[in-house]
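Here's the letter readout for the chains.
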Amino acid sequence: MEKTPKPGLVRTFGLGMATIIVMSSIIGSGVFKKVAPMAEALGSPVLVILAWVLAGLLILCAVLSIAELAAMYPHAGGAFTWLERAYGRMTAFLYGWSCFTVIQTAAISSVAFVFAGAVNSIHPLPHLPADLEGLSFLGIHPLDNIGAKAVACALIIALTWANIRGARQGGFISLVFTLSIVLCIAFIIGAAFSSPAGGWHTLAVHGAGYPADEFTVVGFITVMFIALRHAFWGYEGWIALGFIGEEVKRPERNLPRAMAYGIVLITVLYVLINTAYLYVLPIGDLLDGLAADQNNIAAVVVMDHLFGKSGALIVSAMIIISTFGCTNATSLVSSRIYYAMARDGWFFRSAARTHPRHRTPHVALIYQCVWACLLVLSGSFDLLTDLVIIAAFVFYGLVVFGVLVLRRKRPAVPRPYKTFGYPVIPLIFTLLCVVLLVVTLIGSPARSAAGLVLILSGLPFFFHCNMSRRQRITKETS
């Protein structure tokens, strides 16, 4: 008689696959699109490249810090578990709620948007008449750019189905498409630097946004933090491996290594490809090409300049592959947060179910799919990514500072890995998060307020769950 498998998740991923999941959770859209707002803010190719380097180093500081937590608590849900240990249930709940309402689901939605943008580069997607696109509900235009939104939703639904079918299957998709995206980036870099159309002199050409009298110190810090906010979107997903701690083999060894290896490799790729963009086109020309259509992508504009329509089509096809992989990986890992929350009684209880055959959190995946599709209909790429960064860095600062909190609060817990450069490295990143949020609040008060409202909207649900838990415990003990 065939044994019924035990409910729960299975340790499926080794070091290599864990590193692939880190990379595939990160590379997807920012590297192709975020050079535009960064160039607009800084006005200097050299400063744009510097912003990518600084962002990579700062994210590495964060990864070297949270690797200690990942090795201590290799459980599903990652940061949700770590925040609960450090600060208590309310903070952990608000993080998990924010992941569901904006951080992870908006990440899925925005990467799917770039997928749709690449499809549009190959075959123009339909638009509705202007009067329908202009219809507004609470300031939202759900019918605007409807062709791209339909394609993005279709992608999210298809990949949700694939990840319900099995974690190993989702991991294999990540492997195939991560290798494809690395080849895509290598192709763009090689084509750009080998072409006579470019030259190092373009890196010295400033754009319209660069001040004639140079930046003041305060002005430079302000615009650099604005650029860093966009660059951090390119690294968004760096914390994702912790979400699948229960599915990684030898997590105390493999989680820290996979995180560090993945970030270093990605930083190198990002710096090279953004240098390639600005080697081929002066910063002003690049911005003009991107401004022509809201679905345009930097890599496509550069390849179109080098090879004409055929080059742009090739890169568009490559971007379709890469964003497909990123959407898949983000969908795979993010659903584990809601699974972990539900298992502890802090989310819709049905989200704690695992598929009887495939051993995946299928209900959590479905909830995530529905909300991500609604977010696609609600906004644009840049709006979604701004909301992600604003909400995420509130908790990223808390997670990294949690390393210091737990050193004092739980000194006896075994630490298979200890943070490199402690306590300086965690403090650097925590300070960055504070400054980034202050600059964002000043520079984008409306979007900052929207991000904070989405975070705090979970409080009523938290108190409801807390009351339900107490009532259940009272009944069980009476």
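The rules we used
- Position numbers for residues count from 1 along each chain, tracking the sequence in the order it is written.
- This being a predicted model, a pLDDT of at least 70 is required before a residue's local features are given, and a value of 80 or more before pairs of side-chain atoms are given or counted; all residues contribute to the totals for chains, interfaces and linings.
- Only hydrogens and water are set aside when side-chain values are computed; all heavy atoms of the structure are taken into account.
- Only Phe, Tyr and Trp rings take part, Trp by its six-membered ring, and two of them pair if their centres are within 6.5 Å. Stacked means planes under 30 degrees apart, edge-to-face means over 60, and tilted covers everything else.
- We count a stretch as a helix when DSSP gives it H or I for four or more residues in a row; a strand needs E for two or more, and each element gets its number in order from the N terminus.
- Residue exposure (1.4 Å probe, protein chains only): buried if accessible area is under 20% of the type maximum, exposed if over 50%, otherwise partly exposed.
- Note: pLDDT gives the predictor's confidence per residue, expressed from 0 to 100.
- Throughout, a contact is declared for two residues whenever any of their heavy atoms are within 4.5 Å.
- Here the expected length of a helix is defined as 1.5 Å per residue gap, with one fewer gap than residues.
- Here, the term disulfide refers to a pair of cysteine sulfur atoms separated by no more than 2.5 Å.
- Between N-to-C directions, angles cover 0 to 180 degrees, with each direction set by a line fitted to C-alpha atoms, over the stretch in contact for helices.
- Orientation labels follow simple angle bins: below 35 degrees gives roughly parallel, above 145 gives roughly antiparallel, 65 to 115 gives roughly perpendicular, and whatever is left gives oblique.
- Note: crossing handedness is left-handed where the near helix turns anticlockwise from the far helix by less than a right angle, and right-handed where it turns clockwise.
- Gly is put with the polar residues, along with every residue not named as nonpolar or charged; the nonpolar set is Ala, Val, Leu, Ile, Met, Phe, Trp, Tyr, Cys and Pro, and the charged set is Asp, Glu, Lys and Arg.

## Describing the packing of aromatic side chains
Following the criterion strictly, the structure yields 29 aromatic pairs and no others. With a centroid separation of 4.8 Å and 65° between ring planes, the pair formed by Trp238 and Tyr396 is classed as edge-to-face. With Trp238 in the loop between α10 (217-235) and α11 (251-280) and Tyr396 in helix α16 (residues 381-409), the pair connects residues that are 158 residues apart, well separated along the chain. Taken individually, Trp238 and Tyr396 each receive the classification buried, so the pair is uniform in this respect. Taken together, Phe93, Trp97, Phe100, Tyr338, Trp346, Phe347, Phe348, Tyr367, Trp371, Phe461, Phe462 and Phe463 form an aromatic cluster joined through their ring pairs.

## Side note on the confidence of the model for the chain
Do not read the fine detail of predicted coordinates wherever pLDDT is low. With 88% of its residues at a pLDDT of 70 or more, the chain shows a mean pLDDT of 81. Here residues 1-6 is a poorly scored stretch, pLDDT under 50, and it has 3 contacts once near neighbours within four places are set aside; other chains count.

## Examining the environment of His123
Along the chain, His123 turns up in the loop between α6 (89-122) and α7 (130-133). Exposure remark for His123: the relative accessible area of 56% places this residue in the exposed category. When the C-alpha atoms of His123 and Leu313 are compared, they prove to be 9.5 Å apart, with 190 residues separating the residues in sequence.

## Concerning α10
In a regular helix each residue adds 1.5 Å, so 19 residues correspond to 27 Å; α10 covers 26 Å between its end C-alpha atoms and thus fits that length. Among all positions in α10, only Val223, Met224, Phe225, Ala227, Leu228, Arg229, His230, Ala231, Phe232, Trp233, Gly234 and Tyr235 are buried. Once α10 ends, the next one or two residues include Gly237, with phi positive near 110°.

## Considering the state of the cysteines
By definition, a disulfide is the covalent link that joins the sulfur atoms of two cysteine residues. Summed over all chains, the structure comprises 0 disulfides. Free of any disulfide, Cys373 has its nearest cysteine sulfur in Cys153, 4.0 Å distant.

## What to know about the side chain of Thr327
Counting through the fold element by element, Thr327 comes out in helix α14 (residues 309-343). With a relative accessible area of 0%, Thr327 lands in the buried category.

## Observations concerning the packing of helix α4 (residues 45-72) against helix α17 (residues 424-443)
Running from amino to carboxyl end, α4 crosses α17 at an angle of 125°, the nearest separation of the two axes being 8 Å. Judged on the interaxial angle alone, α17 and α4 are oblique. Considering the relative orientation of α4 and α17, their crossing is left-handed. Packed against α4, whose contacting residues are Leu58, Ile59, Cys61, Ala62 and Ser65, the element α17 presents Ile425, Pro426, Ile428, Phe429 and Leu432 at the interface. For the contact of α4 with α17, a count of residues per class yields 9 nonpolar, 1 polar and no charged.

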